[in-house]
Structure formats: C-alpha cells, structure tokens
2 protein chains.
Amino acid sequence: MTDHLSPVLDRIDAELPAALERLMALLRIPSISTDPAYAAECERAADLLVADLASMGVSATKRPTDGHPMVVGHLRGRGPHLLFYGHYDVQPVDPLELWHRDPFDPAIEDAPAGRVIRGRGAADDKGQLMTFVEACRAWLAVHGELPVSVTFFLEGEEESGSPSLVPFLRDNAAEVTADLALICDTGMFDPQTPAITTMLRGLLGEEVTIHGAEKDLHSGLFGGAAMNPARVLARILAELHDDQGRITVPGFYDGVPEIGDDMRAQWDGLGFDPSAFLGSVGLAKPAGEAGRSALEMLWSRPTCEINGMWSGYTGAGFKTVLPARASAKVSFRLVGDQDPLAIRESFRAFVRARLPVDCRAEFAPHGASAASVMATDHPGFEAAREALSDEWPRPAAFVGGGGSIPIAGHFKTILGMDSMLIGFGRDDDQIHSPNEKYDLESFHKGTRSWARILDAVARAAPTG
Amino acid sequence: MTDHLSPVLDRIDAELPAALERLMALLRIPSISTDPAYAAECERAADLLVADLASMGVSATKRPTDGHPMVVGHLRGRGPHLLFYGHYDVQPVDPLELWHRDPFDPAIEDAPAGRVIRGRGAADDKGQLMTFVEACRAWLAVHGELPVSVTFFLEGEEESGSPSLVPFLRDNAAEVTADLALICDTGMFDPQTPAITTMLRGLLGEEVTIHGAEKDLHSGLFGGAAMNPARVLARILAELHDDQGRITVPGFYDGVPEIGDDMRAQWDGLGFDPSAFLGSVGLAKPAGEAGRSALEMLWSRPTCEINGMWSGYTGAGFKTVLPARASAKVSFRLVGDQDPLAIRESFRAFVRARLPVDCRAEFAPHGASAASVMATDHPGFEAAREALSDEWPRPAAFVGGGGSIPIAGHFKTILGMDSMLIGFGRDDDQIHSPNEKYDLESFHKGTRSWARILDAVARAAPTG
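Note that this is a predicted model, so its numbers are computed, not measured.

A.B. asks: Hey, could you run me through the overall build of chain A in this one?
C.D. replies: The helix and strand inventory of chain A stands at 14 helices and 18 strands. In terms of C-alpha radius of gyration, chain A reaches 24 Å, essentially the compact-globule figure of 23 Å for 464 residues. With respect to the principal axes defined by its C-alpha atoms, chain A has extents near 85 × 50 × 45 Å. Relative to its full complement of 464 residues, chain A shows a buried share of 53%. Looking at chain A alone, contacts between residues at least 24 apart form 79% of all its contacts between residues at least 6 apart.

A.B. asks: Looking at this structure, I do not really get the packing of helix H3 (residues 126–143) of chain A against helix H14 (residues 440–460) of chain A. What am I missing?
C.D. replies: Between two packed helices, the angle of one axis relative to the other and the distance separating the axes together describe the packing. Residues and elements named next belong to chain A. Relative orientation of the contacting elements H3 and H14 amounts to 55°, with a least axis distance of 8 Å. Classed by the angle they form, the pair H3 and H14 counts as oblique. Crossing of H3 over H14 shows right-handed handedness. Contacts between H3 and H14 involve Gly127, Thr131, Phe132, Glu134, Ala135, Ala138 and Trp139 from the former and Phe443, Gly446, Thr447, Trp450, Ala451 and Leu454 from the latter. For the contact of H3 with H14, the residue count by class is eight nonpolar, four polar and one charged.

A.B. asks: Would you mind going over the relation of the copies chain B and chain A with me for this structure?
C.D. replies: One copy of the chain maps onto the second through a rotation about an axis and a displacement along it. Turning chain B through 179° and shifting it by 0.2 Å along the axis lays it on chain A, with an RMSD of 0.3 Å. This pairing of chains is accounted for by a two-fold axis. The share of interface residues of chain B whose copies in chain A are also at the interface is 100%, consistent with both copies meeting through the same surface.

A.B. asks: Is there a simple way to explain the pairing of strand E8 (residues 195–200) of chain B in this structure?
C.D. replies: Two faces, one strand: in a regular strand the side chains alternate between the faces of the sheet. Residue and element names in this part refer to chain B. Counting buried positions along E8 yields six of six residues, so the element is predominantly enclosed. For E8 and strand E16 (residues 397–401), the ladder comprises five bridges, and the chain directions are parallel. Bridge pairing in E16 places isoleucine 196 opposite phenylalanine 398. Bridging between E8 and strand E17 (residues 419–422) involves two bridges; their strand directions are antiparallel. If you follow isoleucine 196 over to E17, its bridge partner there is isoleucine 422. By the bridge criterion, two bridges tie E8 to strand E15 (residues 372–373) in an arrangement that is antiparallel.

A.B. asks: Explanation requested: the interface of chain B and chain A in the structure shown.
C.D. replies: Many descriptions give the size of an interface as the accessible area lost when the pieces come together. Taken residue by residue, the interface counts 63 residues in chain B and 63 residues in chain A. Only strand E10 (217–218), helix H6 (219–222), helix H7 (229–238), helix H10 (294–300), strand E11 (303–312), strand E12 (321–322), strand E13 (325–334) and strand E14 (360–369) of chain B provide two or more residues apiece to the side of chain B that touches chain A. The greatest single-element share of the side of chain B that touches chain A, amounting to nine residues, is contributed by E11(B). Classifying every residue of the side of chain B that touches chain A by side-chain character gives 27 nonpolar, 24 polar and twelve charged. Where strand E11 (residues 303–312) of chain A and E11(B) come together, five bridges link them in antiparallel fashion. Looking at E11(B), one finds that Ser311(A) is bridged to Met309(B).

A.B. asks: Explain helix H1 (residues 5–27) of chain B to me, please; I cannot follow it from the model alone.
C.D. replies: Owing to its 3.6 residues per turn, the α-helix brings residues three or four apart onto one side. Residue and element names in this part refer to chain B. Along its 23 residues, H1 runs just 29 Å from first to last C-alpha, ending more than 12% under the 33 Å computed at 1.5 Å per residue. Along its length, H1 shows its largest kink, about 60°, at leucine 16, and proline proline 17 lies within four residues downstream of that point. For H1, the complete set of buried residues consists of Leu5, Val8, Ile12, Ala19, Leu20, Leu23, Leu26 and Leu27. Of the surrounding elements, those touching the buried residues of H1 are helix H2 (39–55), strand E5 (114–118), helix H3 (126–143) and helix H14 (440–460).

A.B. asks: Looking at this structure, how should I read the sheet that holds strand E4 (residues 107–111) of chain A?
C.D. replies: Strand pairing in a sheet takes place through backbone hydrogen bonds and is either antiparallel or parallel in direction. All names here are of chain A. Strand order in the open sheet formed by three strands is E4-E5-E18, and the pairing between neighbours is antiparallel. Looking at the sheet topology across the chains shown, the edges are occupied by E4 and strand E18 (437–439). Adjacent strand axes in the sheet meet at a mean angle of 35°, parallel and antiparallel pairs treated alike. Alignment of strand E5 (residues 114–118) against E18, held across three bridges, turns out to be antiparallel. For arginine 118, the partnering residue across the bridge sits in E18 and is lysine 437. Helix-sheet contacts for H14 involve E4, E5 and E18, and the interaxial angle to E5 is about 90°.

A.B. asks: What is the right way to read the sheet that holds strand E9 (residues 202–211) of chain A from this model?
C.D. replies: What the eight strands build is an open sheet, ordered E14(A)-E9(A)-E13(A)-E11(A)-E11(B)-E13(B)-E9(B)-E14(B); its pairing is antiparallel. Each of the sheet's edge strands pairs with one partner strand only, and the pair in question is strand E14 (360–369) of chain A together with E14 of chain B. When the angles between neighbouring strand axes are averaged without regard to direction, this sheet yields 20°. As judged from the eight bridges shared by E11(B) and E13(B), these two strands associate in the antiparallel manner. Paired with Trp310(B) across the two strands is Ser327(B), which belongs to E13(B). Here H7(B) sits on the sheet in contact with E11 of chain A together with strand E9 (202–211), E11 and E13 of chain B, set at roughly 15° to E13(B).

A.B. asks: I tried to follow the nonpolar core on my own but got confused; where do I start?
C.D. replies: Among soluble globular proteins, nonpolar side chains are generally buried collectively. Counting residues in hydrophobic clusters, the biggest one holds 281 residues, and the most contacted among them are Ala384(A) and Ala384(B). Aside from chain neighbours lying at most four places away, what touches Ala384(A) is Ile196(A), Met420(A), Ile422(A), Ile453(A), Ala456(A) and Val457(A).

A.B. asks: In this structure, what is going on with the environment of His218(B)? I would like to understand it.
C.D. replies: Structurally, His218(B) is set in strand E10. Sequence separation between His218(B) and Ala195(B) is 23 residues, and the spatial gap between their C-alpha atoms is 57 Å. Beyond its immediate sequence surroundings of up to four residues, His218(B) is in contact with Gly403(A), Thr320(B) and Leu322(B).

A.B. asks: What's the story with the domain arrangement of chain A in this structure? I'm lost.
C.D. replies: Residue and element names in this part refer to chain A. With domains assigned, chain A is organised as domain 1 (5–200 + 371–460) and domain 2 (203–257 + 300–368). Here domain 1 and domain 2 have C-alpha centroids that lie 38 Å from each other. Taken together, the contacts link six residues of domain 1 with seven residues of domain 2. Its residues assigned to classes, the side of domain 1 that touches domain 2 shows three nonpolar, three polar and no charged.

A.B. asks: I'm lost on the environment of Ala408(A) in this one. Help?
C.D. replies: Residue and element names in this part refer to chain A. Its location among the elements puts alanine 408 in helix H13 (residues 406–415). A C-alpha to C-alpha distance of 8.4 Å links alanine 408 and leucine 421, two positions 13 residues apart in sequence. Apart from the residues lying within four places of it in its own chain, the contact partners of alanine 408 are Ile183, Leu200, Ser372, Ser419 and Leu421.

A.B. asks: Help me understand unusual backbone geometry in this model?
C.D. replies: In this chain, Asp124(A) is followed by Asp125(A) through a cis amide linkage whose omega measures 10°. Inspection of the secondary structure assignment puts Asp125(A) in the loop between E5 and H3. Note the cis peptide between Asp94(B) and Pro95(B), where omega equals -5°. Inspection of the secondary structure assignment puts Pro95(B) in the loop between strand E3 (81–87) and strand E4 (107–111). Although it is not a glycine, Ser162(A) sits at a positive phi angle of roughly 50°. Relative to the assigned elements, Ser162(A) resides in the loop between strand E6 (149–155) and helix H4 (165–171). With 19 C-beta atoms packed within 10 Å, Ser162(A) lands in the partly exposed category.

The rules behind these values
Along every chain, residues carry numbers that run from 1 in the direction the sequence is written. Chains and ligands are labelled sequentially in the order written, the chains with letters from A and the ligands with numbers from 1. It should be noted that, the model being predicted, local features are given only for residues of pLDDT at least 70 and side-chain atom pairs only at 80 or more, the latter also being counted only at that level, while totals for whole chains, interfaces and linings use all residues. Counting from the N terminus, the helices are the DSSP runs of H or I reaching at least four residues and the strands are the DSSP runs of E reaching at least two. All radius of gyration figures rest on C-alpha atoms, and the globule criterion is 2.2 Å times the number of residues raised to 0.38. Residue burial is a threshold on neighbouring C-beta atoms within 10 Å of the residue's own C-beta, all placed from the backbone, with 20 or more meaning buried, 12 or fewer meaning exposed, and counts in between meaning partly exposed. Throughout, a residue-residue contact means that the two C-beta atoms, derived from backbone geometry, are no farther apart than 7 Å. A fitted line through C-alpha atoms serves as each axis, taken over the contacting stretch for helices, and the angle formed by two N-to-C directions is quoted from 0 to 180°. Under this scheme an angle from 65 to 115 degrees is roughly perpendicular, one under 35 degrees roughly parallel, and one over 145 degrees roughly antiparallel; angles in between are oblique. Each crossing gets its handedness from the near helix: less than a right angle anticlockwise from the far helix is left-handed, clockwise is right-handed. For this classification, the nonpolar set comprises Ala, Val, Leu, Ile, Met, Phe, Trp, Tyr, Cys and Pro, the charged set comprises Asp, Glu, Lys and Arg, and every other residue, Gly included, is treated as polar. In this comparison the copies share one frame, found by least squares on the C-alpha atoms of residues holding pLDDT of at least 70 in both. In this description, strands pair whenever DSSP reports at least two bridges between them. In a helix, the anticipated span is given by 1.5 Å times the number of residues less one. The reported bend at a residue is simply the angle between two axes, fitted to the 7 residues ending at it and to the 7 residues beginning with it. Note on terminology: a nonpolar core is any set of buried Ala, Val, Leu, Ile, Met, Phe, Trp, Tyr and Cys residues joined through C-beta atoms within 7 Å. Note that the domain bounds reflect an automated or database-derived domain assignment.

Structure follows, in structure tokens:
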C-alpha cells in the first residue's frame, strides 16, 4: 500500500510557521458574536475564511442568515463524504483587566508546560477549526486532492446560542448532509491521551421564582406570621436531592442508561484521578450519587445543579427585610434518552406540590436539549481512534463530555447524520475566560491528527 | 383635687398651629445619620432642638460623641424623675423617585383617613418626639413648672446602629438615670386603640457563607462531581425549621416564656384580625409555629428568618456556573431570656455540623440584642394606661412589639432603669419608606396624651 500519509505529515511540519501566521490573522479579528457592535467583525472573519479556503482550491461562500453568516465550502474528492464543523465566533473578553495582553493581539508565548498561542479564540474555536483546514491544505498541496470528500461548515453564532443554525440546516439539508460529521470543539482526555467524545449531556435550564407577600416586609413587624418565600425556596431546592445524591424529581431517571461493559472497562483503564481533577480547584471528594465513579458522575450520569439563587437584601450590612420573592436558576444535565420537556414539566409539578398557602411559583424556561449519544459502530470511529493513537503518546479514548454541544444533536435529528467529536483542547485552556490559550502542540499535532484521520477514514470506508 | 390638666389640654389645642410650625422646621433638616455627607445637618437638627428646649426654659446642651451629638436637657420639677428618649436622625430617602414630594419639604396633606404630616421623619421619630416636647411646653406655659422632673435625652444615631449610645450611657450614667424612662418610638395598636409596648423582641443577625471550590466552575465540566455550595446552603436553611414551624437550632427555645394568663386574656380581647393584617400585604394564613395565635407569632414567640441569600449567577439569562460560594443573611427575633450570644454559637455549630467534605463556613456577626420585657408592675404603667384610655376612643392595651428597640435594653442593663414605650404611629406611616407620614391626629392627640400621662404619673408616684 502506497504511503500517502508521510509526505503530508512532513508538509505539515514544514508549513507550521505559515499555518500559525494564518491562524494569527484570524485571531486578530474580534468576532464576538453576542455583541451587535462586533457584527462587522464577524463578517470580516467569515470573509477571511472564505478567502483562506479559496486559496486551497475550495469553492467556499459566505451564506447570509438572520444573524451572522455561515461559511460553506465543498471539496469533492474520492471516498466517503465528511462534513466538518467549527465556529469562527468567540466569547466576549470581559473582564479585560485580567488579561495580560490584548486578547486580539495574539502571540506565541512560553508557558510552564510548553509554548502556547495566547488570544481570544485560540482554543475556542479558531485554533481548533484551523487544525482541520491546515490538514486539508497539506493533503491538497502534496496530492492535489483529498482522500475523502469534504464539506466545510463554519458557524458564526455558536457563542450566542446558534439562533440561525436550525433554520439553515433545514433550508440547506441536501447541501450539508454527508456520511459523517466531524466536529472540532472538544478536548483531549489529558495532554498525552487524545479523545473522541461519544456522549454529550443534554441541558435543561429553568428559572423559578417563589412569590409571597405583595412587597418586601419588615421582619420585625411581620416576621413569624408572614410566609417567607426564601425559606420555601430553600426547602424546595434542598429536596431536589436525596441523601444518596440522587435527584428526586419524579420520572427523572426515565431513559437513563447504564454504560456498557466495554465502555466501563475502557474508562476504568484511563487511570482518571478524581483527587487530581478535583484538587485542581481546591476540592477532594466526588460529590455526586453514592456508588458511582467520578467519570460516571461527569460523563454518563445526569445532574441537577443550582446555578444561581437570590432573595431579599444581598448588600453590605444587614436589613431586616422579609423578602417578597426568592429566585433560583436550576439546570439539569441530561443523558441517554431523558426527555427534557417531560423533565421540565415534572420539575414544575415538583415545585408546585411543595408550595404552602400564600406562595405561588413563576417559571421561565432557559433551553432544553437532549443528550447526544454517538453511534460508535460507524467504521469511522475505530479508524479515527487508531489514527489518533498513532500520533499521540497514549492510545485514544472514547470519552463522555460533561458539557452540551447541541450541534451534534441537530445533525442527527435534522440531517440524520452521525457526528464524531474530536478536538485537541486542554482543561487549562481558559476558554470563556481571560488569557485563553491553545498549546502549540495542540495545534501542530492536532493538524497532523486530522491528516491521519482523513487517511484512516478513507481506508476504512466500505466504498473507500 | 384641682384640675391642673384641663387648661393644659386647652393650651395644646390652641397652640397646635404653632406646634406644627416648630415640627416643620425640624422636618426640613435632612438629618440622615447613616450618610456622612449629612453630618452637618445632624448638627443643625441638634442645635435646633437645643434652642427649642431653651425657649421653654429647659437647660439643654449638645453633647459631642464620636458620631453625631446627643441633646441632653434637664427640667427639675416636683415628683418622680422621668427620662424621655427620642431620636432626631432619620432614614435615607431612596428611592427618591417614589416620593410624591420633596422628603425635606414637609406639608400637611389631605389623605383618605384624615390630614397627615408628610415628610421624612414625620413619624420616625421627629413627629413623635415633638409630641412630648410640646406637652411639656404647654404645662410650662400654663403652670410654670412640670408635675414631674424630666431629663430630655435625644439621640442622632438611632437609624445608623447607635454606635455612640452605650459609651455615652456608661460615661454619663449618673446624669441620665431617672426613675423611669419614656421612649416615644412605637405605635398605636390600631387608630382607635393606644398602646404601651411591654415586650420587644431582641435581634440576632448572622451572615453565613458556604465556600466550595476555589472559583466558580463550569457546570458541564464539573457538575455532578464537585460539591455545590448553593445546594449545601439550601439544605442548611431548609433544616432551620421543622414541619411544625419550630426552629431546630439546639437550645434555641431556652428562656422562651409563655405569656401570662392576664396578658393572654387582654390580647384575646383586642379583636386582632389576622386575615385583615395579612390581607393588607396579599397574604392569608399565619405562617409561624403550629398551635400559636398570630399575635403570639408577632409579639411573644421567637423567629428565624432568611433576610437575604445569594449565590452564583443572578443576572438575566442563564450561565451554567457551579458557584464557588453561597451566602445568606439570617436573623432571629428573640424573646424572654433567650441569650443571643449562646444562640449565635449554637447556630454556627448547627451550620458546621451540616457541612459536607469540601465545604467550609464563614460567619459574620450582625448585631445581637436580647429581648426587653418591661416590668409592668411599676405604678407608672397603670397610670399611663388610664391616661391614654381617657384620650382615645378605646382603652389602651399592653402589647408586644415584633421589632427591636435596643435602647430599652440598654437603659435596663446599663442604668438599671425600666422603660415605658408609648407612641402614636400607625401601621401605614411608611417609616423607612417613601412618602412617610404622621397623622395630624397622632401628633395632636399624642401631645394631649403626654400631658395626661405626666399628670397621671405624678399622681401615681409614691412620692408624688
């Protein structure tokens, strides 16, 4: 079998300085999607990507939406058809004073664990998406074609809730449906161990406000006789978990699967150290359901968390107010076949059932997405795992992801397309925070990884 | 027996317009004690009172403290020696936009239930303290002397925690100790029924913060495995009451007395309507301990209330943060011989006993005052009750007060002096709120009430 891969990897090594220059140009554009003041910058980022893809011979266009544009490009090659997804928009940079350099004046810096690319979007997601673009560029430079067909699909609203995504997928289903999607917006298991994320938790957000009296009362005048909504809310929130850490909302565990023996054995083999993971943020003991491993708590078990709560007087000093209302933001991470809308209704009934006389509850919904569980029996998964294992010190792992990436669910439900989530981020990349970085090694070996994956998927495909 | 009283009451009626003018002059001074920007205004208010007392023949002086000055004046008459306490400072006026007139441009306005004096401090406490001053002025004008000896003791820091009060009482104990203190900073039972407040609840304030991880965490990355301090706090707050509404802090009920049969019979006779009381703020059902009457809940039973709580993200929208900390302000209203410092320690132990691994609690104290229970066997109490009953449509009641007026406790513990709390405020006076008012009737009949009380106490005194 001819070795098509080695010259591509050599080309990537030789092109690294030029590839970094191209990434820096993209990082210099403050494409903050959530702030309308930066709309023109999002357009500029899309234009740059169109030009970048065109320079490789990809016919790409900027496609308008009601929000920021999509960039879509096609490159017909041989073999299976892959769709590649990344996003060119970035998070806001506040608090700016905590950055040690201008977030949009990126640079290569020396850091304790090696050289890093510092700047907003370096990891999330400009650096990641460019690993795939650069892998394709190298293949095209060496061989004049890819071993697969690729559709590039780059979004500009991922950090602001992707309002245009579902309509766009619906309107352009034929154009953007492929055999398999590649999504590059996740991380490594650890710096030595690449990962393919095969399960992503869903997310249900609810805001609940308990109302009592018409106005705040003086706790001396009314205290003891008037119902205090803060006390009612505290009790409701306290009852969401039992003393084994299980969530008590009726029907909550409907559709929660146990992970298979294969997956469990693989996770056990990862050598995950809960003490080190929790120790990094000053904690010691996994706090989830009794009898579950920390990786289960993080990847395959559903959760219920209080993300915010407030009531009464919260300033300096003391005010003997009896609050008129108390509020909480509560979110549920969902797994398997848990139905977010059914759980929303059950949660609301749970709250209402616990309201005393003189209290009423008001609810506001904040998003509801089901979990994504990838069908790892597609031959691309095993091929990609082997390709990643060839590039990195340790074998690649199939892992779960605690967070939620709704795009994989949309690809499945709207286009019927499975997704393979592969990325090279690290836990300390500070995404969404000041001083975001992407390791130079993530960028370089990430690009090499994609070159290997393109080769491996092409070989594994039944039609390849 | 010569009727000394009637000409005094006539004089008060005739002097009402002039008395109102003197009150208006005091109300025009923005003596907001908590804001250092108004320190000079507090001095001006003290100066005005010194001049006002001097105009009646009272030798009064402004006495410096580390904060705002005290005004102390003496008028030696015959009979028992009474100390009169009031305060000339006022609450801030925020939110100013909710006032329908300048809070420091007072006026007489027509209101649905009669004419009112509108302005900051009208009820709390300038209008109240002037009822006593004007009663003395009328006695002096008619008779040239009072039937009792009076020491005026007017404070300028009541609305900002009275930091100078205890040192001043200690340093000037001999000068300000009398046979009995009169405190005019409370209200009527209802507009027809005057009241002598014979029990005041104490107040213990605590702020507790539960700390978890070193920083806020992403609930996708850490949720399920990292302990959430908001959940811990909610559970602790929920456990402060049992399902009968009793407070579960160990030892909390030590020193809580049952009220006597006399008092219970009197309270039952007041015709208090809990539905109307709670209905005025949109509530229906007394929410305190099972088996207790609403008046007990308000006057003679201790409470535990959440005055504020906050954790995590509380802004618009949703942020899937796992908070690093959660805080609450909790206050306890205390009765009888409950020991605030012992309860503080027990509360803190209660919290610490409920902390899981990875959480710690931090506490900040916010005041600790014991309850005041007046010794109603002093002959002045019955004399004052009869005098009040002569002035108003319904007989005067001995009532409890849900709020806390620490001054009575300080008079007792530092000076060994009992206090009689009599005032003419109404529930709708909007003290501490926009559009504060004092009914013209409160001012006029309040002044007449004090004239009657001076006469009655003088007659009742063993030495009178």
